[in-house]
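Inside the fold
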Amino acid sequence: MFGRRKRAERAGLPDAWRSILDARSVHWRLLDPGERDRLGELADWLLRERRWEAARDFELTDEVRTLVSAHASLLVLELGESWYDEVGAVVVRAGAMDRAPTLSGGRGIVTRYPGVIDGEAHHDDGPLMVSWAAARREAAQPRWGRDVVLHEFAHKLDMLDGTLDGTPRLDDEAVPRWVKVCTNHFEAVREGTGGRILRDYAGTNAAEFFAVATETFFTRPIELQTEKPDLYDVLAGFYRQDPAERWRRAAVATPVVSQPRIVVRYAVPRPVDSTGS
Ligand SMILES: [Zn+2]
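Residues numbered from 1 in each chain as written. Predicted model: local features only at pLDDT ≥ 70, side-chain atom pairs only at ≥ 80, totals over all residues. Heavy atoms only, no water.

Tracing the sequence through the fold places T216 in helix α8 (residues 206–219). Taking C-alpha positions, T216 is 5.4 Å from G145, a pair spaced 71 residues apart along the chain. Beyond its immediate stretch of four places on either side in the chain, T216 contacts G145, I197, L198, P221 and L224. (Helix = DSSP H or I, 4+ residues; strand = E, 2+ residues; numbered from the N terminus. Contact = heavy atoms within 4.5 Å.)

All right, on to the packing of helix α1 (residues 15–24) against helix α3 (residues 33–49) then. How two helices sit against one another is set out by the angle between their axes and by the gap between those axes. At a minimum axis distance of 12 Å, the contact between α1 and α3 shows a crossing angle of 110 degrees. Taken together, the axes of α1 and α3 lie roughly perpendicular to each other. On α3, the residues touching W17, R18 and D22 of α1 are R36, D37, G40, A43, D44 and L47. Taken together, the residues of the contact of α1 with α3 sort by class into 3 nonpolar, 1 polar and 5 charged. (Axes fitted to C-alpha atoms, helices over the stretch in contact; angles between N-to-C directions. Parallel < 35°, antiparallel > 145°, perpendicular 65-115°, else oblique. Nonpolar A, V, L, I, M, F, W, Y, C, P; charged D, E, K, R; others polar.)

On to the coordination of the zinc ion. At 2.0 to 2.7 Å from the zinc ion lie its protein donor atoms, namely H151 (NE2), H155 (NE2), E208 (OE) and E208 (OE). Expressed as a motif, the donor residue spacing for the zinc ion is H-x3-H-x52-E. Note that H151 and H155 are positioned in helix α6 (residues 148–159) at a spacing of 4 residues, about one turn of the helix. Classification of H151 by relative accessible area gives buried; the value is 0%. Relative accessible area serves as the criterion here: at 0%, H155 is assigned to the buried category. (Donors = N, O, S within 2.8 Å, 3.2 Å for Na, K, Ca; no water. Buried < 20%, exposed > 50% of the residue type's maximum accessible area, 1.4 Å probe, protein only.)

On to helix α7 (residues 175–191), then. Over its 17 residues, α7 extends 24 Å from the first C-alpha to the last, a length consistent with the 24 Å expected when each residue adds 1.5 Å. Burial in α7 covers these residues: W178, V181, C182, H185, F186, A188 and V189. The buried residues of α7 occupy one face: seen down the axis, they fall within an arc of 160 degrees. Facing away from the buried side of α7, by more than 90 degrees, are the exposed residues P176, K180, R190 and E191. Among the residues trailing α7, G192 stands out with phi positive, at a value near 80 degrees. (Expected span 1.5 Å × (residues − 1). Arc of directions from axis to C-beta.)

A word on the packing of helix α4 (residues 62–75) against helix α5 (residues 132–140). Running from N to C, α4 and α5 point in directions that differ by 65 degrees, and their axes come no closer than 11 Å. At the point where α4 passes α5, the crossing takes the left-handed sense. Note on element contacts: α5 touches α4 through W132, A135, R136 and A139, opposite E63, V64, L67, V68 and H71. (Left-handed = near helix turned anticlockwise from the far one by under 90°.)

Here D147 lies in the loop between α5 and α6. From its side chain, D147 meets the backbone nitrogen of V149 in a polar contact 3.0 Å long. (Polar contact = N/O pair within 3.5 Å; in protein donor to acceptor, adjacent residues only side chain to side chain.)

Most of strand β2 (residues 89–93) sits out of view: 4 of its 5 residues are buried. As paired elements, strand β1 (residues 51–54) and β2 share 4 bridges and run parallel to each other. From the neighbouring strand, R51 faces β2, where its bridge partner is A89. Crossover handedness for the path β1 to α4 to β2: left-handed. Across 4 bridges, β2 lies against strand β7 (residues 128–131) in parallel orientation. Within β7, the position partnered with R93 by the bridge is S131. (Pairing = 2+ DSSP bridges. Right-handed = clockwise from strand over helix to strand, strands pointing away.)

Scanning all chains against the criterion turns up 14 salt bridges. Its salt-bridge partner being R18, residue D37 comes within 3.2 Å of it at the nearest N-O pair. Linking D37 in helix α3 with R18 in helix α1, this pair joins segments that are 19 residues apart in sequence. Judged by its relative accessible area of 36%, D37 is partly exposed. Given the relative accessible area of 24%, R18 is considered partly exposed. The salt bridge partner of R220 is E223, with a shortest N-O separation of 3.8 Å. On the accessibility criterion, R220 (22% relative accessible area) is partly exposed. Of the residues examined, E223 reaches a relative accessible area of 16% and is grouped as buried. Several salt bridges share partner residues, and in doing so they unite R24, E63 and R136 into one network. (Salt bridge = Lys/Arg side-chain N within 4 Å of Asp/Glu carboxyl O.)

Put into structure tokens, the structure is as follows:
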């Protein structure tokens, strides 16, 4: 168990842990060696210093702990672990759960999808809950634009300054532009003029806007940067990361992977009503 190792023994990631992330996390595969080492130290801190619990009928395997802690750490890769001081416990469930719709934005529970939800984050030292089925699926398919771990931990970042309002703690000079840019895009989502890159749930309230924008920033960064460069910029300023550059670098490094798919998709003529690709 990672949590039982002493600090002095931490010299890089255990091979077993790297293998899990190699197999399960696209984000991990995009990081450079220095970023991987930093992310490993942050994940190790989260596993040792925060409480981890399994919901009933579920087991916290190394795979579960590694993947969830690694994705949580991606958000604070350049911010540091102090941003997670108020994560009371991380609770992992096998799948989604039914939850009566709750108001978010107050000092209560923040649910991701009222009704059947994949995650929720509680205020102050309260717990954070994620569905393993969603976390695992979304780690393998970031292009879908969703990541329940990034979403719920983004709420914890937002809460750290005492208010859940879609604005995390920022340098004073960054606040006016942040508020202006986020308000513009939030209102566009609510009015149905925001395009398709941010899903409708971003229009629920300012807190959900920040959580959904964070998911999009890390999972579909190139599209976000292209469609909403000012939103991408303020998020890059806060997170101190440039995930679009990370994705572009990976695309250049693996042309062999993407090229044949393009040939297959466009070189084979198909009748218009074909159900094939
Ligand atoms: Zn949420």
